[in-house]
Amino acid sequence: MNNYQNITYEQIGPVVRITQNRPERRNAQDERMLDELDAAFAAAERDEACRVVILAGAGDHFSAGHDIKEGMSKRANATVEERFAFEEEKYFRYSLRIFDLSKPTIAQVQGACVAGAFMVANMCDLIVASEDAYFADPVLHSFASPAVEVLFHPYALGLRLAKDVLFTGRRIDAREGLSVGMVSRVVPRIELEAQTLALAEHIAEASPFALKLAKRSLNRVLDLQGFREALSAHFDTHQLAHASSAARTLLEGGADSRIAAGKAGD
Ligand code: ZN
């Protein structure tokens, strides 16, 4: 895929910066953007000149998450089978392909980083956040889902905070994220792009093979603890929630009410 519409792909020396680019929609991740992100990460993986990948968002927000309006207009009447297939490919596999990329990845986060976007940001190896950044997964309150499709929460936040943020839908700001180790660096908004790029360039000075091995070893620690099996089990549970009567009742209020509920739950 060469003609990106909803992202941009920049080569900056040894760094590739992929930017979600629908700022007028708070970078809501529609199907096209998700396909383009997957193609862009695959291109960065293949490109030998690329050593480190940055995932960013244009405008005031990293991303508000999946494009709920598109989902409700295109897939409101999807069968259980159709929804499972769609989410397994576009949400679950696409996310894990970012997690499994052989090169270091950095999420560059400002403003909102919510639900599906919170999930994608946490597939990256490091997160650099500006002081105004906030993270939330409000889908339990707004959609009667236990959490988004990939249950990264206990690994990124610890079990107790994961329960807190899912049960309440509340926001985690950049400082709280830093204090629990989910966020790697907090920087002023005006310095976010430059500091993220400087970090990427510093990492890119190291041997790419050694970086690949370090990432492989670290990710294997989680796999040996059952990470992937736990994620797969949660994905199935998440699909069950979509088919629940509670979820159906909430969806009858329409997209705007669910988006508003998500914000209220932040
Ligand atoms: Zn879902």
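Everything below is about the structure shown above.
Anyway, here's the lowdown on the structure attached to this text. If you're wondering where the values come from, they're calculated on a predicted model, not measured in any experiment. (Residues numbered from 1 in each chain as written. Predicted model: local features only at pLDDT ≥ 70, side-chain atom pairs only at ≥ 80, totals over all residues. Heavy atoms only, no water.)

1. A few points about the coordination of the zinc ion
Link 1 in the chain: For the zinc ion, the full set of protein donor atoms is E87 (OE), E87 (OE), E149 (OE), H238 (NE2) and H242 (NE2), at a range of 2.0 to 2.6 Å.
Link 2 in the chain: Each donor residue of the zinc ion belongs to the same chain, and together they define the spacing E-x61-E-x88-H-x3-H. Linking H238 with H242, this pair stays in helix α11 (residues 227-242), spanning four residues, or about one helical turn. (Donors = N, O, S within 2.8 Å, 3.2 Å for Na, K, Ca; no water. Helix = DSSP H or I, 4+ residues; strand = E, 2+ residues; numbered from the N terminus.)

2. Brief notes about the sheet that holds strand β5 (residues 112-114)
Link 1 in the chain: Sheet architecture is open: three strands sit in the order β5-β7-β8, paired in mixed fashion. Edge positions in the open sheet fall to β5 and β8 (172-173), since each of these has one partner strand only. (Pairing = 2+ DSSP bridges.)

3. Side note on the environment of D60
Link 1 in the chain: Tracing the sequence through the fold places D60 in the loop between β3 (52-57) and α2 (68-75).
Link 2 in the chain: Look at D60 and you get exposed, because its relative accessible area is 58%.
Link 3 in the chain: Along the sequence, D60 and R189 sit 129 residues apart, while their C-alpha atoms lie 9.8 Å from each other.
Link 4 in the chain: Ignoring any residue separated from it by four or fewer positions in sequence, one finds D60 in contact with Q110, G111 and D132. (Buried < 20%, exposed > 50% of the residue type's maximum accessible area, 1.4 Å probe, protein only. Contact = heavy atoms within 4.5 Å.)

4. Quick notes on empty space enclosed by the protein
Link 1 in the chain: For the structure on display, the rule yields two cavities of 30 Å³ or more.
Link 2 in the chain: The volume enclosed by the largest cavity comes to roughly 70 Å³.
Link 3 in the chain: Contributing to the lining of the largest cavity are L34, L37, D38, H66, K90, Y91, Y94, S95, I98, M119 and V120.
Link 4 in the chain: Of all the secondary-structure elements, those providing two or more residues to the lining of the largest cavity are α1 (31-46), α3 (80-99) and α4 (116-121).
Link 5 in the chain: Looking at the lining of the largest cavity element by element, the count peaks at five residues for α3.
Link 6 in the chain: A breakdown of the residues in the lining of the largest cavity according to their chemical character gives seven nonpolar, two polar and two charged.
Link 7 in the chain: Roughly 30 Å³ of internal volume is contained in the second largest cavity.
Link 8 in the chain: Taken together, Q29, D30, E31, L34, H66, D67, E70, R75, F86 and Y91 form the lining of the second largest cavity. (1 Å grid on protein atoms, 1.4 Å probe; cavity = no way out; pocket = protein on both sides within 12 Å on 5 of 7 lines; lining within 4 Å. Points joined across faces, edges and corners; volume = space filled by probe spheres on them. Nonpolar A, V, L, I, M, F, W, Y, C, P; charged D, E, K, R; others polar.)

5. A few points about the pattern of salt bridges
Between side chains of opposite charge, a pair can form when the charged atoms approach closely.
Link 1 in the chain: For the structure on display, the rule yields 21 salt bridges.
Link 2 in the chain: Of the charged contacts in the structure, one is a salt bridge between D67 and R22, with a shortest N-O distance of 2.9 Å. Here the residue D67 occupies a position in the loop between β3 and α2, and R22 occupies one in the loop between β2 (15-20) and α1, the gap between them amounting to 45 residues. A single burial state applies to D67 and to R22, both of which are buried.
Link 3 in the chain: Between R228 and D223 there is a salt bridge, with its nearest N and O atoms 3.0 Å apart.
Link 4 in the chain: A single salt-bridge network, built from bridges that share partners, covers E31, D35, E70, K74 and K90. (Salt bridge = Lys/Arg side-chain N within 4 Å of Asp/Glu carboxyl O.)

6. Let's talk about the pairing of strand β1 (residues 7-12)
Link 1 in the chain: Looking at chain direction, β1 and β2 are connected through six bridges and run antiparallel. Paired with Q11 across the two strands is V16, which belongs to β2.
Link 2 in the chain: Hairpin connection from β1 to β2: two residues lie between these consecutive antiparallel strands, with G13 at a positive phi of about 60 degrees.

7. A word on α1
Link 1 in the chain: In this model α1 runs 23 Å from its N-terminal to its C-terminal C-alpha over 16 residues, within 8% of the 22 Å that 1.5 Å per residue would give.
Link 2 in the chain: Residues M33, L34, E36, L37, D38, A39, A40, F41, A43 and A44 constitute the buried set of α1.
Link 3 in the chain: Residues of α1 that are buried make contact with β1, β2, β3, α3 and β4 (105-109). (Expected span 1.5 Å × (residues − 1).)

8. Remarks on the layout of surface pockets
Link 1 in the chain: Its volume calculated, the second largest pocket comes out at about 640 Å³.
Link 2 in the chain: If you go around the second largest pocket, you meet 25 residues; those closest to its centre are F99, C124, D125, L126 and N219.
Link 3 in the chain: Take the lining of the second largest pocket: its biggest share by element is six residues, from helix α10 (residues 208-224).

9. A word on the packing of aromatic side chains
Link 1 in the chain: One pass over the full model with this rule turns up eight aromatic pairs.
Link 2 in the chain: An angle of 80 degrees between the planes, with centres 4.9 Å apart, marks the rings of F118 and F152 as edge-to-face. Taken together, the positions of F118 in helix α4 and F152 in the loop between α5 (139-143) and α6 (153-157) put the pair 34 residues apart, joining distant regions of the chain.
Link 3 in the chain: Its relative accessible area of 0% is what places F118 among the buried residues.
Link 4 in the chain: With centroids separated by 4.8 Å and ring planes inclined at 85 degrees, the aromatic side chains of Y155 and F227 adopt a geometry described as edge-to-face. With Y155 in helix α6 and F227 in helix α11, this pair connects stretches of sequence that are 72 residues apart.
Link 5 in the chain: Linked through ring pairs, F84, F92 and F235 together constitute an aromatic cluster.
Link 6 in the chain: Lying across the ring of F86, R75 places its NZ or CZ 3.8 Å from the centre.
Link 7 in the chain: Between the NZ or CZ atom of R171 and the centre of the ring of Y134, over which it lies, the distance is 3.6 Å. (Phe/Tyr/Trp six-rings, centres within 6.5 Å; stacked < 30°, edge-to-face > 60°. Lys NZ or Arg CZ within 6 Å of the ring centre and 35° of its normal.)

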